Amino acid sequence: MVTIYIDNTPYQVKPGKNLLETCLTLGFDLPYFCWHPALGSVGACRQCAIKMYRDADDKSGRLVMSCMEPVSNNQRISIADKTAVDFREGVIEWLMTNHPHDCAVCDEGGACHLQDMTVMTGHTYRRFKFKKRTHVNQDLGPFINHEMNRCIQCYRCVRFYKDYAGGEDLDVFASKSNVYFGRSEPGTLESEFSGNLSEVCPTGVFTDKTLKQHYTRKWDLTMAPSICQHCSLGCNIIAGERYGDLRMIANRYHGEVNGYFICDRGRFGYEFVNAPARVRQTTQLGQPVDEDKAITQISELLKNSKVIGIGSPRASLESNYALKKLVGETNFHKGVSRQEQALMELAVSILNTGPVRALSMKEVEKADAVFILGEDLTNTSPMLALAIRQSVRQQPLHEVNALAVPEWNDAAAREIIQQKKGPLFVATVAETKLDSMATKTFRAAPQDISRLGFAVANLIDPSAPQVSNLHEDERAMSELIAKSLLASERPVIISGTSCQSDSVLKAAANVATALQKRNKNTGIVLTFPESNSVGLALMGGNPLEEAFQKVKSGNTDTVIILENDLYRHSQTTLVDEFLTKCKTVVVVDHSQQATSAKAQWLIPAGTFAEADGTIVNNEGRAQRYFQVYEKMNVKESWRWLTNLGATAGITPMQSWKNIDHITKALAQEEEVFRGIERVSLTSDYRMQDGQRVPRAPHRYSGRTAMLANVTVSEPKPPEDPDSGMSFTMEGTRAMPPSSMIPFFWSPGWNSVQSVNKYQEEVGAALRGGDPGIRLFEASATQSHYFNEVPEKFIAVDSKLWIVPLHHIYGSEELSAKSASVAKRVPLPYLMLNAEDAAKLGLKEGDAIEVAVGGDQLRLPVKVSASLSMGVAGLPAGLPTLSFVELPAWGLVKR
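Residues numbered from 1 in each chain as written. Predicted model: local features only at pLDDT ≥ 70, side-chain atom pairs only at ≥ 80, totals over all residues. Heavy atoms only, no water.

### Re the domain arrangement of the chain
Here comes step 1: Each domain of the chain was delimited in the assignment, giving domain 1 (2-80), domain 2 (283-337 + 540-736), domain 3 (342-528) and domain 4 (799-893).
Here comes step 2: For domain 3 and domain 4, the distance between their C-alpha centroids amounts to 27 Å.
Here comes step 3: Counting residues at the interface gives 16 residues for domain 3 and 14 residues for domain 4.
Here comes step 4: Summing both sides of the interface, domain 3 and domain 4 together bury roughly 1,100 Å²; the carbon and sulfur share of this comes to 62%.
Here comes step 5: Our count for the contact surface shared by domain 3 and domain 4 stands at zero salt bridges.
Here comes step 6: Our count for the domain 3 to domain 4 interface comes out at five residue pairs in polar contact (both at pLDDT 80 or more).
Here comes step 7: If you list the elements that add at least two residues to the side of domain 3 that touches domain 4, you get α12 (377-380) and α16 (446-460).
Here comes step 8: Considering only residue class, the side of domain 3 that touches domain 4 consists of seven nonpolar, six polar and three charged. (Domains from an automatic or database assignment. Contact = heavy atoms within 4.5 Å. Buried area = accessible area lost by both parts, 1.4 Å probe. Salt bridge = Lys/Arg side-chain N within 4 Å of Asp/Glu carboxyl O. Polar contact = N/O pair within 3.5 Å; in protein donor to acceptor, adjacent residues only side chain to side chain. Helix = DSSP H or I, 4+ residues; strand = E, 2+ residues; numbered from the N terminus. Nonpolar A, V, L, I, M, F, W, Y, C, P; charged D, E, K, R; others polar.)

As structure tokens, then:
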């Protein structure tokens, strides 16, 4: 620690930081624009000026930009010095000369960093009376609205979009005094992280277009801490509601998971909550029924019928556990195919019992060598791809450190690094967006990808199984990868389940195990199909095929299906036969889908916005999402199931009154879930002043007027039985525990930049620690290799080895129901190697017929130079494509 003096008061602070983030960490209000804690300093806006003195005797000092000045011992600075104060006010006045007077109609009004900084500097009157510079706005697609006239030229947008996220289609264009931030021509922004512009921009240039379509001032939103539902990474989000509809998703800072950003699928996929296809009331054979009648009649089935339950990887731990207790352990099925279940359980076993620690995304950012096997991360786990874009800077940053340039000095650091990148090796079936950053790429069938991994593991540790018949290029590649991994300080191996290959997972595990013997800092990251795939894998249960068999053999006649469209996990003919033979099908779900269309009973479940629950992310971190608002007729799935169990007389379920009781029962019964009751505080928690934590800001307005068409009396607001939060603005203004922070706000800080007030230090953990607990860590005792090296892939005439290809928009079920995301979903296709297409006499766009897995597919051809010969790619999960279990051989008809 070093001592600095701020306005003659001494403070103990950490060295290595700049003065701006140090002052913010200490709680001072110091204005800034161009600086961002994730992007570093460039000194462009001149807004953070302070006075610096040589020593205690220096009375004059000099102006410096605090974001560009490193902390040093016995440093003396002044924030309140009149020269600095006047300078900061003058900077604001320059910036405002061309800024429009449109706060009243700006989407950011009242939650705007520019407004906050203007007030903070004391600039209250505009002297500029001349014509303002104006620009033409661009249509940037369904996600982002563009209003260039509000720009203050802080350069944050292009620094994030280009430098941090790797986007190539947004830039700055300048001519004399005209500076323009946009695309070379109007068009949809191509980056998967473009939505972050709405939070990175300190003004209203880039705003959320989906919010604009049902606009609500951000202080009029009811908000709650939540977890993204659209992949397995578990990014933290804030969900905001008004008038009974979900209006907005914003990033919720988490120091170990997503940091300051989220991907576009997570930000804009929320509209399925408001979709017309929502299940909004209980029905029997399509006709509305009273919910008490439904509970009574369905509970009678539990007493008198042979009932099985089918769980879901997108349902919470509590909901899956409630279903398991309702039907009995032997009658609980996970709701995924045998192949999916085997892959999920294998991946969890590697993380839970293997010797290598599963890394958080923050730790991946600090990795200095990365080897990816089989995963197109930009499309399956986008935020992990963003973390890798930061990791490739780690080795080049050694040069920056050698020159004594602080890493936060972003402009200088990037000037030193130029285009240099650390080791990144990408072995996938098809090309990926990370290829442009890779040291080397490898394109092959999943079998050959795993063989490469096994070979790398053997080169690192000769006791690992050998690989025979390697091609010379493959041997050279494996040697380069092994050498680079061994030379690194913090290597990470990344794989997952998306290419549906157990041998790829085993190869990744072998590489990580071999490396860990040489380097204890080795990490591994495995990705999973859905938001709670890890939790479901840990839960135990039977595969979907066994449920089919029980019905087929007459051992059961009633099924309760929890938040699951079976047509996404099995062939259409098999699901049709299963549902037809069931005497009674009960579906508990929030959205209409193919399975719910065939249910006798349909129960309206709450989405993540209308429910509380716990899910487990890909690193084994259990995290809680909180209900944002109540919806008439809609309940959490676990509450419906608990009511059924209590009515049916199932003993433990009769005592469950809220989520705490279910979570506690799960933790007591399942050893792997010990500790999940500590993920969040119990429902009886109150702040020190005895009050709840309010979901709505204290500026919330119009509460009485909302229902004036129904009654002039304001109805009593609902009470939350499952948390220490209120559904209103009533409650304490004190800072809540980190797991219960519904929104970020502090006096003078109305924008998302207020997060610095909630952090232990800028860019570090939230005060009290980041939310969630890890359920498992690496095993210090178990270290073994998988020995099943697959045979080399060999192409077969007239057949294609069809593998799944994932798309960020379309492959995930819920986000594809969002209106804005649906505009980005691709049409179905079959991707062929260019030589295979030529042999078949096909060109781009021609139709091809393929028989695969008992299905006949007729699809347009997409030609790719990256696919191996004999391999074809079929988009996974698109709404218009039926389920096909892949990889599988396809017989070419044309």
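That shown, we press on.
### Overview of the packing of helix α10 (residues 338-353) against helix α18 (residues 502-518)
Here comes step 1: Closest axis-to-axis distance for the α10/α18 pair is 10 Å, and the angle between their directions is 5°. The angle between α10 and α18 falls in the class roughly parallel. For the pair α10 and α18, contact is made by L343, L346, A347 and I350 and by D502, L505, K506 and A509, respectively. (Axes fitted to C-alpha atoms, helices over the stretch in contact; angles between N-to-C directions. Parallel < 35°, antiparallel > 145°, perpendicular 65-115°, else oblique.)

### Some thoughts on the nonpolar core
Here comes step 1: Within the largest apolar cluster, 128 residues are counted, with the highest numbers of intra-cluster contacts made by F160 and F608.
Here comes step 2: Considering each element in turn, this core owes the most residues, six residues, to helix α13 (residues 382-391).
Here comes step 3: Once residues within four sequence positions are removed from consideration, F160 is found in contact with L39, A165, F193, N196, L197, V200 and F261.
Here comes step 4: One finds V356, A482, A648 and V679 within the second-largest nonpolar core, a separate group that totals 104 residues. (Core = buried A, V, L, I, M, F, W, Y, C linked by side-chain atoms within 4.5 Å. Buried < 20%, exposed > 50% of the residue type's maximum accessible area, 1.4 Å probe, protein only.)

### A short note on the environment of I662
Here comes step 1: Along the chain, the position of I662 falls in helix α24 (residues 659-669).
Here comes step 2: Assessed through its relative accessible area of 1%, I662 is described here as buried.
Here comes step 3: Counting along the chain gives 10 residues from I662 to P652, while the straight-line C-alpha distance between them is 9.4 Å.
Here comes step 4: Residues within four places of I662 in sequence aside, it is in contact with E318, Y321, W638, T642 and W656.

### Section: the packing of aromatic side chains
Here comes step 1: On inspection of all chains with the given rule, the structure shows 19 aromatic pairs.
Here comes step 2: Taking 5.5 Å as the distance between ring centres and 70° as the angle between the ring planes, the aromatic pair formed by F128 and F130 counts as edge-to-face.
Here comes step 3: Ring geometry for F160 and F261: centres 4.8 Å apart, planes at 40°, overall tilted. Of this pair, F160 sits in helix α4 (residues 156-164) while F261 sits in the loop between β12 (245-251) and α7 (264-268), and the two are 101 residues apart along the sequence. (Phe/Tyr/Trp six-rings, centres within 6.5 Å; stacked < 30°, edge-to-face > 60°.)

### Considerations on α16
Here comes step 1: The terminal C-alpha atoms of α16, which comprises 15 residues, lie 21 Å apart, in line with the 21 Å expected from a rise of 1.5 Å per residue.
Here comes step 2: Judged by how many residues are buried, α16 sits mostly within the fold: 14 of 15 residues are covered. (Expected span 1.5 Å × (residues − 1).)

### Topic: the state of the cysteines
Covalent bonding between the sulfur atoms of two cysteines defines a disulfide.
Here comes step 1: As enumerated under the stated definition, the model contains zero disulfides in all.
Here comes step 2: For C499, which is in no disulfide, the shortest distance to another cysteine sulfur is to C231 and amounts to 17 Å.
Here comes step 3: A relative accessible area of 3% means that C499 is categorised as buried. (Disulfide = S-S within 2.5 Å.)

### Observations concerning the side chain of R443
Here comes step 1: Along the chain, R443 falls in strand β20 (residues 440-443).
Here comes step 2: Looking at R443, its side chain comes within polar contact range of the main-chain oxygen of A430, at 3.5 Å.
Here comes step 3: Each residue touching R443, except ones within four places of it in the same chain, is listed here: V426, T428, V429, A430, E431, T432, D435, S866 and S868.

### Some points on the environment of N98
Here comes step 1: Residue placement: N98 occurs in the loop between α2 (82-96) and α3 (113-121).
Here comes step 2: Placed 30 residues apart in sequence, N98 and F128 show a C-alpha to C-alpha distance of 8.9 Å.
Here comes step 3: In this view, N98 contacts K132, R133 and N149; residues no more than four positions away in its chain are not counted.

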